[in-house]
Structure formats: structure tokens, C-alpha cells
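Analysis of the macromolecular model
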Protein chains: 2
Amino acid sequence: MGKGSGEAVKSKSPAEFFADNQNIAGFDNAGKSLYTTIRELVENSLDAAESIGALPHISLTIEEFTEEEFNEHRGMDNRDVVDAGLFKASGGKKSTSKATKALPKPAVAEEGSADDPQEPSAAAGATAADLDPKEKKAKNDKKGRSKGDSHSLYYRVKCKDNGVGMPHDKIPDMLGVVLSSSKYGVRQARGKYGMGAKMALIWSKKSTGLPIQVVSGCSSDVKDPPNFLTKCVLDIDIYKNRPSVHEHVKLPNPEGWRGTEMTVCVSGNWQTYKSRVLQYLQQLAIITPYAELELEYHSHANPKKDLTAVYRRRSEQMPPLAYEVKHHPGSVNNLLVQQLIHRTKCKDLVGFLMKDLSSIDRPLSERIIAELGEGFHPKMQPSALTVKMVSRLTQMLRDVKRFKPPDGACLSPAGEYNLRQVKEGVNVYRFANRIPLLFEAGSDVVTRVAMKRINWSSYKVDHKRDKIGVFVSTVSTKIPFKGTSKEYIGDDTEEIKKAVKHALQQCCQQLRTHLLRRNALREQKERKKVLTKYIPDVSRAVFGLLTAMQKRARDGEEDKGGGAGGASKRARGATAKTQIMASLDSKEVTEKTLAAGLSAAVNQHDAEAAKEESVAAGRGTHSRQV
Amino acid sequence: MGKGSGEAVKSKSPAEFFADNQNIAGFDNAGKSLYTTIRELVENSLDAAESIGALPHISLTIEEFTEEEFNEHRGMDNRDVVDAGLFKASGGKKSTSKATKALPKPAVAEEGSADDPQEPSAAAGATAADLDPKEKKAKNDKKGRSKGDSHSLYYRVKCKDNGVGMPHDKIPDMLGVVLSSSKYGVRQARGKYGMGAKMALIWSKKSTGLPIQVVSGCSSDVKDPPNFLTKCVLDIDIYKNRPSVHEHVKLPNPEGWRGTEMTVCVSGNWQTYKSRVLQYLQQLAIITPYAELELEYHSHANPKKDLTAVYRRRSEQMPPLAYEVKHHPGSVNNLLVQQLIHRTKCKDLVGFLMKDLSSIDRPLSERIIAELGEGFHPKMQPSALTVKMVSRLTQMLRDVKRFKPPDGACLSPAGEYNLRQVKEGVNVYRFANRIPLLFEAGSDVVTRVAMKRINWSSYKVDHKRDKIGVFVSTVSTKIPFKGTSKEYIGDDTEEIKKAVKHALQQCCQQLRTHLLRRNALREQKERKKVLTKYIPDVSRAVFGLLTAMQKRARDGEEDKGGGAGGASKRARGATAKTQIMASLDSKEVTEKTLAAGLSAAVNQHDAEAAKEESVAAGRGTHSRQV
């Protein structure tokens, strides 16, 4: 490296980097780390089951230990406190006045301790009280740790599934190397880098120092049960980013069990994230109704905390598996083109474009090469392209508009789902590649679109008082999550913003039509009800009027020539009147027949109105854009 | 690896990982990538200057090119379009009806294109129009790319500083290896992993395929100018995570210039992020008033976009440099203890605890080892500790409370700063290790505390109408940013939440005292003004009354015995009255003297009230907790 001055350049392994920056992967504090550990294991299990078309059945067991129980459990002595003074704060005043730049507390505590409740502060005078026998006795309760000591909660998380299992030989590399994965490629998957399990492993190493245990029966064919099980206990060498294997054996598998059971021991904080774990499982039950999810929680010290939750399978229908596809030429960049050239098996450029990218056939490939011009030939070796030629090709691929849209086979959108009742207002449920997203809602593209870019009132929706559930499931070969922890999709990808807005508007439009129809029906019903209500009165009144007319007519006949001026008027209505009179006489018109006639008229009007409304509403769907 | 079934396990290099996930590092889309490139270069420059105590002077030059200009500039031909049909969308209807799962557009476009404005959609019939000569002519304008083609904007970003410079031999490893850094260690720094420059390099490779250029004169002693310059043009081998050096030479440095000039060519979108870049520089001028910042923007195609902004140095005072410190025992975890043991030069445990951790002296180290109990000896080799013993030591270090607080020398809080006028409402300005944070405000701990956890009204502040600037500068050896792009600090670190709340409450308390005093002063002034206003009237009236009394008294004297009943009453006031009468006679009491007396009384009352108010306000500061 030479004689250069300045500080030394050191390099970190990916494992070291993520161990130092575990908040990028959702391990922000002890509670969140427990939550993320759980969800990463569950998501791996879902992927493992779906990959072989098995309806997922996932059992999650979480055991809570105090530090003492945990030490006992792992075979470490819990020794009594001898020097109680160690466990009290040192005389604060003296030291702060000495060290001028001293801080009251570590400015940013190591993440693991971040959500520990604040210790009751040991005030001044602690130095003098060091050997106070009463204090010492109190200290010695519960084997000597103070009550406020919150590093003492440990969890054994076990996640068991009926998935494909892990191949015996590959387990160490699959779990003990950060940035290794079996899931690269252009297709939708919950996890891409298998980061989750490795982060859980790193968190376990940091918080308890214990390795992870895997028991797995592996078979990619549902009908061919695995004839042995693998047990592997392993750890990670952070600096080398290599697995450190403690145990790796084959065991008999008399029942032909297939699946994986992962067990990891971490410190954490169930209390603060319990509701999040349950919320996560509930939302998982919405988006993956074909999965059976079981949770069992057990606290050794406090069985009152015990909990069992089961989310039953509600559908046998699993969405079709996503296939791996090739890159679309419209989405390439210089680096990707170089990478594809580096990896291609094609000997000529024309074949390279056809085989290593999607949506290009031979004629199109030839046209593109012709357009590239001087220096480019269909038969040239792809590896002969210079950097500038790669740039020209990349620009060309991005500029050409003739490509067919990308193939959707790489995606597997939600199939059946299982919506839930919601409370008043806009309730946003976000899913990405069938993972519920619970955190950072405020920054998420879906929440922001639903809250700020939809004019609810124009869809006849009162966004404050109506109960609105917005369920958005985004699927993609590459969801641009912020961070590796898959917590939210940023608001800065224009395409997603547009797609979400468009989808919500479509739904709102349907909803609007529905609401209009419902409102119209309701009004119509109301009108009919009112009209119907008055039919007896009206018919009685009309009948009364008619009989009065009849009586008067008869009286008039008897007493003819009563006012000649009325004659012409009467003459006009005479025929109708005579008919009505006849009907009255013949009992064709009675109060009852009048009522029946009115009822029929109301019903007919009603039917016509309904027809008109539905036409109007239908028209609205097409003409209205908000 | 053996015969296991299933998919192959592949491993990615850190460079590949971050190239694939550039949104983690703030390279979400073309506009944001340009912004992040700029700020990463500026922050490196600030660190470089501060590290040798030089007042930073940073010049930023951004040149905008169209694709044609850019190609020309880099020596690539811009060829005329021959086959215009390629640059129009293919007939959508036919292909979508064929491919049942085809998508209308790439579901998630490659990030680079994310904020490109939507292309004007080429409607149906495009296939038939392929050879339409009019269309072709339009296409051939501007060398054949359509106007809506937004891949065409490229930027050359140059950032020049007067910092320490980069050592000749180390430049390739400092820039061409992801996760290499010269800044590891426990101390405050803007960047830790030097990720920024490498991400800019990767983004350049992706978007333009061009290498990065560095010119640097290196000298860590301000008085010793470098006697040569280094020019290095380099690139990164993504798969090997190694530098790929194009040019690496020494050049004469006749002027003894010290500093670094980095030049990177990327695609981007200035229009959408221009305001962010300016905002960033403005806020940088607030928190680093000792830096001189210059921005020059030039568009080759459209000089109307040209822009110059200079933020002058307003202070020569630079905060003291942060020193590297040792880890505090209260913040260790199993992994860190193992790491420290691995790296220690100490031969015995007692020395290890003293030398590799802070706040432990020999007596304390001996007490801790004694408390650890069986198996632990002061003289044992640290490397002899088993995993369980490391766990026990870790638990012990976290439980012991006797450690002095950590040393603040690792921090360098803001020195002088330069606050700005703000608009109505609560305006939050966030700084972390003297970096302005502009994005994700909604999720940031500072914004959330200021908006939701401060009861502004209890501090006499109207948070809707008053102009409130909340400037929070967080400094730490390890800011738990979400993601590597240093955009915001999450809301889930309890310690930071508490510290921010406490700091704001302290400020609010001071503000409240100030406001109370100001309001009291204002009221007092108002009262004084009102009283003073009436002094002439009152004195005139009183004088009138007195003279009337005098007159009546004289009249009464003349016309004695006027009503005996009044005599006793009059007798009581007689002395005072006589005195006043005398004063009136002697002109001791006039309208003027009355006015002067009233004025004096008002002033005295005013002074007393002010004294009372200030006592009351002072008491308020101590007794009130919100």
C-alpha cells in the first residue's frame, strides 16, 4: 500500500457492517429487535412453504426468561452478589465536576438497551451507602440484581414450518454469510438477501452470545418425504463473514417430516412490542389467508403473561408462484448491461439481446444493432463492447420504445384475502410482496397518497366519519424499501405514487357508483314508503269525493236547470264523469280498488326511477375523472 | 459444497449489494441521487478541512448537459436516428391481449428513471405510423431523440476543498472499496464508512458508466504544503469490491495547494431537487458558520438556469475537534467484548478492562474481576475467556453502575451558529453531527417531539401563530440514522427521545420566562402609558377642585355660621385643608406640581411592579415542571 500519510484505511466485512448498523435492518432497540426477529423467521417460513406449493403452516413459540433463568438454562452459574457497591451509581457530583466534558449518560446507548426503562436514579450519597447492610440485603433478593435491572429479559424464539427445508450441506452458507442468498433473480420474493435470519443470528450473538439452531428436513417434492433430518448449530464469524459451525449432523426422520425449525435466543422486550407482533400476525392472516399461523407465548417467571393465538387457514387457494424472468430492456443501466455481458453464454450480440433481456425477438435485436451504427455488428462478441459502446447500448435500450411490456409472470399478487372491519376514518393497511408493513406509516407512499392525494368527498365519502379501509398490496420484483428491514416504501418513486393513486381512484370510483346507487335506492325506498303510507287516506278521500259527486249528480238530475252557465263546463267532463259514476254504481270503483290503483302507480314509478338511476350511475363511472 | 438439492447459494459483494439497493444510501431516484451525490461530497470536504483545523472553503460546480452534449463531451458520436419506429411504443393492444400476465409498465422502474416525467403516451396506431415521414422529421429534430426523453440530462459535479487531502497511495482503496474507511473508532464524524463517495461512484457507473476523478494535494500539517499533487481516475469492480484504476499519477504542485477536488459525472434531475440543494447549503451555513460555501450551476443548453450562490464565512471560530475515545463499559454487548478481546494488546484481564474500556481504573477492574467469581483471575489472558465467560463479563459490565459517565471529548457540538428568521408556526431544523437533515421529517424524532410532545401553550407560546424556530443539533459517536443516507433519526430510541424533549423543555422554560417578563413589561408599559395619559386631566381636575374648595372656604369664612351641623366634620379635616389652602396660596400646589407628583407616583409604582414581576418570573422557572 505504500508510505502515504494519514489514517489507515480499514475495511469491514458486510457482517461487521450490519452488526454495527443493525437499525438499517429493523433492529433498532431490544423490543424492535425481538419483533423483527420474529417476522423475519415467519417470512422465511412462508417463502419456504410457498416455494413448493405447500399451504403454509407456521408455529411460533416464544419463551421469556429472566437473566437468572436464562443463565441457568444455558448452564451458567448465577452467583450471589458479593460487592454490592458495584451495582450502584458512583457519586455523580464528584466525577462530573472533575471531568469537564463528561456526559450525564452515554449519548446514544448501544441499541440493545435503547428501550429499557430508565433506572431509578441512585441519588447522591451512594458512595457512603456502599456497605449499608439493609441495602445489601435488598440487593441480594432475586440473586442480587436490582429490580430495575432490565437487561434481564431473554427470549427463545422458535419458528417451525412445513416448507421446502434447507439442504444439509448448504445450511452453514445459507445462514452464516451476510449477503449470501438463494433468492437472487428477477422475481417477486418476500426476502431477497436472506438478511433477516442472519441479522437475527447477529443479534443473538450480540445480545446473548448464543448460536442459532436449525433442524430441517429437506425435500422440494411434496410427495417425496426427506429420509433424514439435519441438525445444525451455528454462529457467524463477523470479521470473516463466514459461518462458525458448532454442530452439523444428520438425524433419523422416521415420520418423514419436511420443514424447518429455527431456534434463536435473543434479549428483547416483549411488553413494548407484543401488540405489534399480534398486529403483524393479524395482517398476515388478511393477506395470506391460505396460511395457518400459531403463536404460543410463555413466560417462565410470570405465567400471567402467557398467550396463545391461532389464525386459522381460511382458504385453500394459494396465488400462483412467481417465476423468475429476465430483465426488461427499458430498465437497464450501464452496470447491469456490463453484468449481463459478463455473465452471458451467448457468443454474439444479436443473441445476447434476445436471450439475456426480455421482450426482444430477432428482428428487433437486429434493428437495434443496426441503429447502434458504426462499430456494432450482430455477430460481434458481447465482451468486445468497450465502455463507451456499453453506454451507447444502454442509452439505446432506454430510449427505444418498441419493447413489449414486461412479463407479469415474475409477480404473484394477492389471491383471496380476508378483509377486516375497520374503525371510523381512513384506515390504511399496507402490504408489500404479501408482507404487512406496520412501521413508518407517515412516510409510506400508500399512507401519503390515501391521506393527501385522494379527494374523498368527491367520491361521496366522508373521510372523517365513514369507516374506510384502504388495503393496498404492492407486488414487485424489487420493492424500493427504505432500509433492508422492509418497513415502508418511500414516497419518492413517482411510478409507485402514480400506480397507488390510480388504483385507489379506481376503487373509489367503484365505491362512488355503489354509494350513489345505494343512496338512490335508499331515497327511492323512502319515497315509496311515504307514498304508500298515504294511499289509504288518499283513496278514502278520493272515494269520499267521488261519492259526494255522485250524490250531487243525482241531486242535480232531480233538480234540473240549476244555473245554465255551468252547463258547458259540465258537458266537457260529462263522458268521464258518466263513466266514473257508472263504475261507482257497478262497484267497479271502491275505496279498495282506488288504493290498489295508487299502489300500482307508485310501484311503477319506483321501477322506472330505479332504472333511470342505474343508467345515470353507470354513465357517471365512465365520464367522471377526479 | 456437496450434493444438497435446491437453489444455489450465491454471495454478493458489499459493492454489489449497495449498487442493488442504492435507495438505502439516499439514491432513490435520479433527482435524489444528484442531491445525495452533492451532499456526500460536501460533507467529505467539511470533514477533511476540520480534521486539520482549517476553516473549510468549499467550491461546488455543477454543469448540466443534454445527452447529446454529454456524449460529445465524452467523445461519443451522436448518430442520427435511422429507424425512427424503434423510438415509439409498440402497439400495446395486441401484445397485452396475447400475454395474459403482461404488465402495462415495469412495475418498479429501475431507480435511475424513477422521477422522470411521464412520457406523452404514444397512442394506438403507432405501428402503422412507423414510416410516416412527418413523424420521422419530428424525431430527427435534436438529433433524433423525442422531446419527452428525460434520460437526457447529465451532470458533472465538482467539489473542491481546502482539506487534508488524500494520500497518494491510499486513494484507490479509500474510494474503490465499499465498507472501507479511515474513520472507524468511537468519535463523532459526519460520515463513518465513507459510503457517500463510493455510492456516488457506483451511481456514476450505473448512470453514465464514467469513472470518478480525484485531484488532491495531501498534507496533514497546515504549515507544510504538499510538494506534489495526485491525479487519480478510478472506477469500482462491483463484483470484487476492488478499485479499478484508470489513471494514477503525481503532478507538480508549484503553488503548494492542499485539498481535494472530486469530479463525478452522473445522470440526474436538477429541476426537482434544486430547492433541496439550496436548502441544504443554507442550513449548512447555519450550523457551520465557519465554512465558506460556494455553488455555481451552469447549464450548457439553457444558460437561463445558471445560478451562483455564496454562503460567506461568518465566524472564524471552529468547534474543537472530536477525539477518539474508548468504549464505555455500560454500552458493551457480547460481540463487542469478543472483538475487544480479539484486538487487545493486554496480556491480563485486569489490564484489559482498564485499557480497552473507558471509566475503569485498577481498583474497579479488580473489584469487577473478584465479583465475576470462579474461573476469573486478574492475571488470566483475555483470550482464555470462553463464550459463557464472555457472556458473564458482558452481563456484569452492563449491570455494574459504578462507572463514571462517558467522556465527552469524543463529541464536538455546534459552536457558534447562525439562526434564521422563521415563518409562523413551529419550524423544525434538524442537525446531526453538524449535518442538516432535510428528508423524512415526519418520522424524525426531533420533529415528532416538537410537534407532539411539547405543550407549547404551557410555555405561553401560541404554536400556530407565533414564529417558532426549533433548531436541534444532535451530536454523537453513533447517530442511529435509519439507512446509511443520514436522512433522519428514528423515533424509537428512547434515550434520544428523552434528551430531545428535555432540551426543548429547557429552552421553552427559558423562553417562557422571557415571554412572561416581556409580557409583564409590556403590560406595565401599557399601564404607565394610560396613567400618564390622564395625568394632565387629573391634575387639572384636582387643581380645579382644590381652587373651588379654596374659594368656598373663603366664601364660608366671609359668611360664617353657615349651618352648625357641618362644623365638626370640617374641624377634622381642618389642619390638612388649612395646609392645602396654604400651599395653594403660596403657589406650592399648582396644576403643574400636581402633575409632577402624579408622574412620580406612577413611576414609583411601575418600578415596584417590575421588581415584583421579575421575582415572580424567577420563582416560576424553578417551581414549574411541564
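Being a predicted model, the structure only gives us computed values, none of them experimental.

**Concerning the environment of L594(B)**
Looking at the element boundaries, L594(B) is found in helix 16 (residues 591-623). Among residues more than four places away in sequence, those in contact with L594(B) are S539(B), V542(B), F543(B), L546(B) and V589(B).

**Topic: the sheet that holds strand 13 (residues 467-474) of chain A**
Residue and element names in this part refer to chain A. With mixed pairing, the 3 strands of this open sheet are ordered in space as 12-11-13. Both outer strands of the open sheet, strand 12 (435-437) and strand 13, are each paired with one neighbouring strand and no more. The average undirected angle you get between the axes of adjacent strands in this sheet is 30 degrees. Two strands pair when backbone bridges link them, and strand 11 (residues 425-432) and strand 12 are joined in this way by 3 bridges, in the antiparallel orientation. Residue R430 lies in a different strand from strand 12, and its bridge partner there is L437. Strands strand 11, strand 12 and strand 13 of the sheet are contacted by helix 8 (residues 270-287), whose axis makes an angle of about 75 degrees with strand 11. Along the sheet face, helix 13 (residues 445-452) touches strand 11 and strand 13 and points at about 155 degrees away from the line of strand 11.

**Quick notes on the domain arrangement of chain A**
Along its sequence, chain A is carved into domain 1 (14-66 + 152-311) and domain 2 (329-406). Once you take the C-alpha centre of each, domain 1 of chain A and domain 2 of chain A turn out to be 41 Å apart.

**Some points on unusual backbone geometry**
Residue and element names in this part refer to chain A. Here E440, not a glycine, exhibits a phi torsion of approximately 55 degrees, which is positive. Mapped onto the elements, E440 comes out in the loop between strand 12 and helix 13. By relative accessible area, E440 is classed as buried at 15%.

**As for the pairing of strand 5 (residues 212-217) of chain A**
Look at any regular strand and the pattern is simple: side chains alternate between the two faces of the sheet. Residues and elements named next belong to chain A. Most of strand 5 sits out of view: 5 of its 6 residues are buried. Two elements, strand 5 and strand 6 (residues 228-237), share 5 bridges in a ladder whose sense is antiparallel. Residue pairing for strand 6: S216 is matched across the bridge by T230.

**Some thoughts on the sheet that holds strand 2 (residues 57-65) of chain A**
Residue and element names in this part refer to chain A. A sheet is described by the order of its strands in space; here 8 strands give the open sequence 7-6-5-8-3-2-9-10, paired in mixed fashion. Single-partner strands in this sheet number two, and they are strand 7 (242-252) and strand 10 (307-311). Each neighbouring strand pair of the sheet contributes to a mean axis angle of 10 degrees, computed without reference to strand direction. Inspection of the sheet shows strand 5 paired to strand 8 (residues 259-267) by 5 bridges, in the antiparallel sense. Directly across from V214, in strand 8, lies its bridge partner M262. The strands touched by helix 2 (residues 30-50) are strand 2, strand 3 (154-160) and strand 8; relative to strand 3, the strand with the most contacts, the crossing angle is about 10 degrees. In this fold helix 8 packs onto strand 2, strand 3, strand 9 (292-299) and strand 10, with an angle of close to 15 degrees to the strand it touches most, strand 10.

**Brief notes about the pattern of salt bridges**
Residues and elements named next belong to chain A. What the rule picks out here adds up to 48 salt bridges over all chains. The salt bridge involving K486 is made with E40; its shortest N-O contact spans 3.4 Å. Taken together, the positions of K486 in the loop between strand 13 and helix 14 (494-558) and E40 in helix 2 put the pair 446 residues apart, joining distant regions of the chain. Two residues, K379 and D348, come together in a salt bridge whose shortest N-O distance is 3.4 Å. Here the residue K379 occupies a position in the loop between helix 11 (362-372) and helix 12 (387-399), and D348 occupies one in the loop between helix 9 (334-343) and helix 10 (349-356), the gap between them amounting to 31 residues. One salt-bridge network, in which partners are shared between bridges, spans R39, E40, E43 and K486.

What counts and what doesn't
- Residues numbered from 1 in each chain as written.
- Chains lettered and ligands numbered in written order.
- Predicted model: local features only at pLDDT ≥ 70, side-chain atom pairs only at ≥ 80, totals over all residues.
- Heavy atoms only, no water.
- Helix = DSSP H or I, 4+ residues; strand = E, 2+ residues; numbered from the N terminus.
- Contact = heavy atoms within 4.5 Å.
- Pairing = 2+ DSSP bridges.
- Axes fitted to C-alpha atoms, helices over the stretch in contact; angles between N-to-C directions.
- Domains from an automatic or database assignment.
- Buried < 20%, exposed > 50% of the residue type's maximum accessible area, 1.4 Å probe, protein only.
- Salt bridge = Lys/Arg side-chain N within 4 Å of Asp/Glu carboxyl O.

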